[in-house]
Each structure stands twice: as structure tokens, then as C-alpha cells.
Amino acid sequence: FLRIGTGSLLRLGCCHRAGPWPVAVSPRSGARPIVDMSHSRHFVDFHGSNIPSSMKKLVVTQLSPNFRQAVTLIANAPVPVPGDGELLVRNRFVGINASDINYSSGRYDISTKPPFDAGFEGIGEVVALGLSASKTYAVGQTVAYVQGGSFAEYTVIPAQLAVPVPLVKPEFLTLLISGTTAYISLKEMGQLSEGKKVLVTAAAGGTGQFAVQLAKKAKCYVIGTCSSHKKAGFLKSIGCDLPINYKTENIGSVLKSQFPDGLDVVYESVGGEMFDLSVNCLATKGCLIIIGFISGYQTSQGILPVKAGALPAVLLKKSASIHGFFLNHYLSEYKEAIMSLLKLYQKGELVCEVDYGDQSPEGRFTGLESIFRAVDYMYTGKNIGKIVVELPHPVNSKL
């Protein structure tokens, strides 16, 4: 899902399936099929309004971990034209990820040269599509997707990468990267079973919330770190057995006193001192899963130093292990993960907490311009759940 060059995309899962997702594939009521528009310069959306010829989007124009310096809002970019097997999606919500600044700094591929489009994930309606894509999709259908370039009013995506969803709800957006990251990493590396003690760092965040819930579904005892009383309350509400507010409690002291034999699994996304603490609190045969190190992303190196010198001895003494997890390396597991998570949510068995930015200094994140604020907000550590930005599209031009 990451752009790896000026004209190429590493597309999530495109090499692992030939057809669309078998989840709610039927066009929703009222949607209508469309003839080939893959070479048309004039589109008609399902509300009967003109699709504009230009749009706003965010583009990385210089490499920097400072998102505001790296990214430029382009006010008059051309609306892309869908090819034969593609969908043109009018984005209604886009997701904010900690790695947005890793992307803007070019850390995923040192050969990446700006300009390139920003953003990883979105949800919205299909407003135009190519001929072969119209065999399965229709104008007006709601889809979610993971692909570079989502920070735009309109995005073209391959039909085979679309995830059909019944409604334009940002809760579905939370599952695309955050949910699947937790699901696949814990399944592949956590070896969760009843009674295991699991620590989730940044537990009230976009991915942490799912790690907590999935560990509880496996009947584990779950500890979660957080930074406020409000977050601790949220963690309790989704089943966390022991929230630890590191602003008022010493995490190391709490873990040492309550779990003298250590923890079986640590789900780690903070890095730096939290990584060192996590290694030290592992039990015999314990497992540390690294999904990120957000504490260092804003630095020039992208990572804070850790006490790695003694790491071999610590792991050997405990027969413990450390695993890194990057979603791109597990695309073969993505389809099963997203389908399972969608079913859990639709059955009411999974909380997908969304943070619209209502508690941020300038209020709710609305419009592409507010993405800059949303990224800043993420790095204040105040969000509960997945941060999303709404992109309103008033329909006022009738044919």
C-alpha cells in the first residue's frame, strides 16, 4: 500500500487474489450499473451532480519527518480517470497513521523521490468505474480500501483491492490497517492461549484497542499502558484487566510487583525506554512483538536508542524471542483477517473506537486541510482509538 516510486505502488494484496472481496459484494439498493467510463473525461456521479475536473489532494513535496514541512495541499489537481478494472472513489473519511510521517520522510524506500501522493486508507462511494470493474461494482456502492494517495477528494483504486462495506462508517476504516495489524501479528506470533499474560503498550490507540480485545477473546489476562484516566476508563470498557496510566504510575514497578515471573507476550509500538522495559519484563519463553516505535518517528533518525548491548544475553537467559511485524510481509493473510474482523464488528463483538478530533484544540477534523492538525494531534498522544478525518462533499449541482 506504499508508493515506492513516482509511478508505482506497492498495492496491498494485489498479488494474492484475482477477484473482489467476498464480503457484501452485492451493489447496495439504489445503486446502478454503469457502462465503460475508463476513457471518459466527463463523469456523472450517482447523486446526479457533476464530478469536477479538479480536486484537492495532499502531496509529499520534500522528504521530512515534519509532516507540515513535507506535505503540500494542492488545490487544483486533476481528478483521476479510472481504467478498465478500476474504481473512482469519492473519499468520505480517511485514516491517520503514525507512519504517515515515516512515509513523508521517505523511510520506506530510500530511492523514493518527491512529489508523491500522501495517505494510506480511505472509505467512500464509487462514483465512476471501468467496464470490467462494473461486472462486480456499481456507482453508489460503498467501499473501503488501502492504497497510497488516499489524502485526496477522489482516489482511483483497482477494483480487486476494494473492500465492500454496507455503509460509509469510519468504524470500517479502523479495521483496514490497525485492525489487521493486530489480528495477523497476534495470530502469527503471539500464540495466545487462555491464562497468558499480555501487555499492550499504547493500548488505547488505533491498533492497541484491537490488540487488547483480541487478546481478551483468547482468554488472556491483558495489561494496557496509557496516558490518562480517561484512556484507562476506555480500556476497562473494552475488557482490559489492568490499565496502567504511566503519567501517575511507574510501569516497571507495577509490572515487577504484580507479575514477578514476567509476561508471556508484549505487544509493543512505542520504542525507546518502553522497548527496554518490555524486554526486561518478559517471562521465560516470552515473546515481544514490535509493530512500531512511534516515540522516535519525529526524530531525524526515526528511532530512539535502546539498550541493545545486553539483548542477546537477556533473550538467551529467558529463552525469549523478539519478532518484528510489518503488514506488507503478510499480505497472504490479509483477506482472512479483514473478513474475520468485519464479521466480529457486524455481530457487535468488536469495538472500533473512532477519534474525530472533537477534543483537539480547534475541534473536529473536517476537510483535507485538517489532516495537518490530525497528524499533530496523533503525536500529542491524546487520541482514543483511530484518528479519522471527514471529507464532506456537498452535492448541489444537478444536471
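For the structure, check the block above.
Reference entry: report on the structure contained in this document.

Criteria and cut-off values
Residues numbered from 1 in each chain as written. Predicted model: local features only at pLDDT ≥ 70, side-chain atom pairs only at ≥ 80, totals over all residues. Heavy atoms only, no water. Pairing = 2+ DSSP bridges. Helix = DSSP H or I, 4+ residues; strand = E, 2+ residues; numbered from the N terminus. Axes fitted to C-alpha atoms, helices over the stretch in contact; angles between N-to-C directions. Contact = heavy atoms within 4.5 Å. Phe/Tyr/Trp six-rings, centres within 6.5 Å; stacked < 30°, edge-to-face > 60°. Buried < 20%, exposed > 50% of the residue type's maximum accessible area, 1.4 Å probe, protein only. Core = buried A, V, L, I, M, F, W, Y, C linked by side-chain atoms within 4.5 Å. Domains from an automatic or database assignment. Salt bridge = Lys/Arg side-chain N within 4 Å of Asp/Glu carboxyl O. Polar contact = N/O pair within 3.5 Å; in protein donor to acceptor, adjacent residues only side chain to side chain. Parallel < 35°, antiparallel > 145°, perpendicular 65-115°, else oblique. Left-handed = near helix turned anticlockwise from the far one by under 90°.

### As for the sheet that holds strand β11 (residues 197-200)
An order of β13-β12-β11-β14-β15-β16 is seen for the six strands of this open sheet, with the pairing classed as parallel. A strand with exactly one partner marks an edge of an open sheet, and here the two such strands are β13 (242-245) and β16 (321-324). Between one strand and the next, the sheet's axes are offset by a mean angle of 15°, whatever the strand orientation. Across the sheet, helix α7 (residues 273-280) is in contact with β11, β14 (263-268), β15 (282-290) and β16; its angle to β15 comes to roughly 150°. Along the sheet, helix α8 (residues 311-318) contacts β15 and β16; its crossing angle with β15, the most-contacted strand, is approximately 130°.

### A short note on the packing of aromatic side chains
Counted under the stated rule, the structure contains 11 aromatic pairs. For the pair Y108 and F326, a centre-to-centre distance of 5.6 Å together with 25° between the ring planes defines the contact as stacked. Here Y108 is found in the loop between α2 (100-104) and β6 (116-117), whereas its partner F326 is found in the loop between β16 and α9 (334-346), with 218 residues between them in sequence. A centroid spacing of 5.3 Å and a plane angle of 75° characterise the contact between F293 and Y297, whose relative ring orientation is edge-to-face. With relative accessibility at 8%, the residue Y297 sits in the buried group. Taken together, the aromatic side chains of F67, F151 and F372 make up a single cluster linked through ring pairs.

### Quick word on the nonpolar core
Formed by 80 residues in total, the largest nonpolar core has its most connected members in F67, I96, F151, L175, L235 and I371. Among the elements that make up this core, the one with the highest residue count is helix α3 (residues 170-190) (10 residues). The two domains that each donate at least three residues to this core are domain 1 (54-168 + 353-390) and domain 2 (176-332). Here L235 is in contact with A203, A204, V212, G224, T225, C226, C240 and P243, once residues within four sequence places are set aside. Grouped together as the second largest cluster of nonpolar side chains are 19 residues, L199, L242, L255 and V279 included.

### Some points on the sheet that holds strand β3 (residues 54-60)
Taken in spatial order, the three strands make up an open sheet running β4-β3-β6, and their pairing is antiparallel. If you trace the sheet from one side to the other, it starts and ends with β4 (71-78) and β6, each paired once. The sheet contact formed by β3 and β6 spans two bridges and is antiparallel. Across the sheet, residue V59 finds its bridge partner in β6, namely D117.

### As for the pattern of salt bridges
Taken as a whole, this structure holds 13 salt bridges when the rule is applied. Residues R90 and E125 are paired through a salt bridge, measuring 3.9 Å at the closest nitrogen-oxygen approach. In this pair, R90 is assigned in strand β5 (residues 86-95) and E125 in strand β7 (residues 121-129), connecting sequence segments 35 residues apart. Of the residues examined, R90 reaches a relative accessible area of 4% and is grouped as buried. Look at E125 and you get buried, because its relative accessible area is 4%. One salt-bridge network, held together by shared partners, links R90, R92 and E125.

### Side note on unusual backbone geometry
Of note, the amide linkage connecting P114 to P115 takes the cis form, showing an omega dihedral of 10°. Here P115 lies in the loop between α2 and β6. Positive phi outside glycine occurs at S319, with the angle close to 50°. Secondary-structure assignment places S319 in the loop between α8 and β16.

### Details of the side chain of S227
Relative to the assigned elements, S227 resides in the loop between β12 (221-226) and α5 (229-237). Residue classification places S227 among the buried residues on the basis of a relative accessible area of 15%. One polar contact links S227 to K231, side chain to side chain, over a distance of 3.4 Å. Within polar-contact distance, the side chain of S227 engages the backbone oxygen of G381 at 3.5 Å. For S227, the residues in contact, after removing those within four places along its chain, are N245, Y246, K247 and G381.

### Quick look at the packing of α3 against helix α4 (residues 208-217)
Two elements in contact, α3 and α4, have axes separated by 9 Å at closest approach and are oriented at 45°. By the angle between their directions, the pair α3 and α4 is classed as oblique. In this structure, the crossing between α3 and α4 has a hand that is right-handed. Contact residues: T174, L175, S178, G179, A182, Y183 and L186 in α3; F210, A211 and L214 in α4.

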